[in-house]
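What follows is the residue order along each chain.
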Amino acid sequence: MGVAAAARASETILTRWNDAVKVLQQGVSVFVVNSAGWVLLQHRDENAPTCPDMWCLPGGAVEPGEEPAAAAGREVLKEAGLDVAGSLRPLFSGHITETLEAGTGTPYLEHTFAATTPRDDSDVRLGEGRDMRFLPVDVIMGLDLAPSTRHFFAIYLALGAHEEVTSTAGSGAAAPGGSRPTGRAG
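Since we're looking at a predicted model, the values are computed, not measured. (Residues numbered from 1 in each chain as written. Predicted model: local features only at pLDDT ≥ 70, side-chain atom pairs only at ≥ 80, totals over all residues. Heavy atoms only, no water.)

1. What to know about the overall build of the protein chain
Each helix and strand counted, the protein chain has five helices and seven strands in total. Along the protein chain, from the amino end to the carboxyl end, the secondary structure elements read α-β-β-β-β-α-β-β-β-α-α-α. With 186 residues in all, the protein chain has 46% of them scored as buried. Sequence-distant contacts in the protein chain: of pairs separated by 6 or more residues, those separated by 24 or more amount to 73%. Carbon together with sulfur atoms contributes 54% to the accessible area of the protein chain, which is approximately 8700 Å² in total. (Helix = DSSP H or I, 4+ residues; strand = E, 2+ residues; numbered from the N terminus. Buried < 20%, exposed > 50% of the residue type's maximum accessible area, 1.4 Å probe, protein only. Contact = heavy atoms within 4.5 Å. Areas by Shrake-Rupley, 256 points an atom, 1.4 Å probe, with all protein chains shown as cover.)

Structure (structure tokens):
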């Protein structure tokens, strides 16, 4: 199933789910992919409210009355200083519980987007966390990822979304300014 078909199926399921379940909170996560096909990740600091010292996708809460796509663009701009609003596209959405992150068991609706950018690490302006950089997927999968980020990456890769997104992002050459993280899982 392609990304577009999965997004349509997900939307149908969510419409039915939302009719049956009250959504308490909505969140967004964004796969920002540069021209090398590397994905932007944030290394949370020790003061993060959930999953301190772990790596995660840029994202956050959808404000009351805000559209999820607007929230996705706002969060990437706030956390990394990158304007990706013009390249955002929905990937998948689904209900998850905060048990993945904070152990509260509160259900929330997560909207996951992809965006492409010609930017690299030298263009990133850290607005939140310890570090924010573009990394290759093989390195990302070896990091100490927040549980929700690991979950979203599994879906992203299973849907073939990375191949589709990178085909629109660029050549796949080494990312200028890219570097390897130090926060690997033990």
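2. Points about the pairing of strand S6 (residues 107-117)
Where burial is concerned, most of S6 is hidden: nine out of the eleven residues are buried. Inspection of the sheet shows strand S1 (residues 26-34) paired to S6 by nine bridges, in the parallel sense. Across the sheet, residue Ser29 finds its bridge partner in S6, namely Thr112. (Pairing = 2+ DSSP bridges.)

3. Structural notes on the pattern of salt bridges
Tallying each qualifying case throughout the model produces eight salt bridges. For Arg74, the salt bridge goes to Glu66, with nearest N and O atoms at 2.8 Å. Judged by relative accessible area, Arg74 falls into the partly exposed class, the value being 27%. The closest approach of N and O atoms between Asp131 and Arg133, which form a salt bridge, is 2.3 Å. (Salt bridge = Lys/Arg side-chain N within 4 Å of Asp/Glu carboxyl O.)

4. A few points about unusual backbone geometry
The backbone phi angle of Cys51 is positive, close to 50°, even though this residue is not glycine. Of note, Cys51 is situated in the loop between strand S2 (39-43) and strand S3 (55-56). Assessed through its relative accessible area of 6%, Cys51 is described here as buried. For Asp53, which is not glycine, the phi dihedral falls at a positive 65°.

5. A closer look at the side chain of Thr166
Within the secondary structure, Thr166 sits in helix H5 (residues 161-169). Here His162 takes part through its backbone oxygen, which lies 2.8 Å from a polar atom of the side chain of Thr166. Excluding its chain neighbours within four sequence positions, the residues that come into contact with Thr166 are Val33 and Gly37. (Polar contact = N/O pair within 3.5 Å; in protein donor to acceptor, adjacent residues only side chain to side chain.)

6. What to know about the packing of aromatic side chains
Under the criterion given, the structure shown has four aromatic pairs. Ring geometry for Phe31 and Tyr156: centres 3.7 Å apart, planes at 5°, overall stacked. One end of the pair, Phe31, is in strand S1; the other, Tyr156, is in helix H4 (residues 147-158), with 125 residues separating them in the sequence. Given the relative accessible area of 0%, Phe31 is considered buried. Summarising the aromatic geometry, the rings of Phe153 and Tyr156 are spaced 5.9 Å apart at their centres and angled 85° between planes, so their arrangement reads as edge-to-face. With Phe153 and Tyr156 both in helix H4, this residue pair falls three residues apart, about one helical turn. The residues Phe153 and Tyr156 share a single accessibility class, namely buried. (Phe/Tyr/Trp six-rings, centres within 6.5 Å; stacked < 30°, edge-to-face > 60°.)

7. Concerning the pairing of S1
Burial of S1 is extensive: eight of the nine residues sit out of reach of the surface. The pairing of S1 with strand S4 (residues 59-61) spans three bridges and is classified as antiparallel. Along S4, the bridge assignment pairs Val28 with Gly60.

8. A word on helix H2 (residues 68-80)
Between the first and last C-alpha of H2 there are 18 Å, a value that for 13 residues agrees with the 18 Å anticipated at 1.5 Å per step. Residues Pro68, Ala71, Ala72, Gly73, Glu75, Val76, Glu79 and Ala80 constitute the buried set of H2. Of the surrounding secondary structure, the elements contacted by the buried residues of H2 are S1, S2, S4, S6 and strand S7 (131-135). (Expected span 1.5 Å × (residues − 1).)

By themselves these figures say nothing about function.
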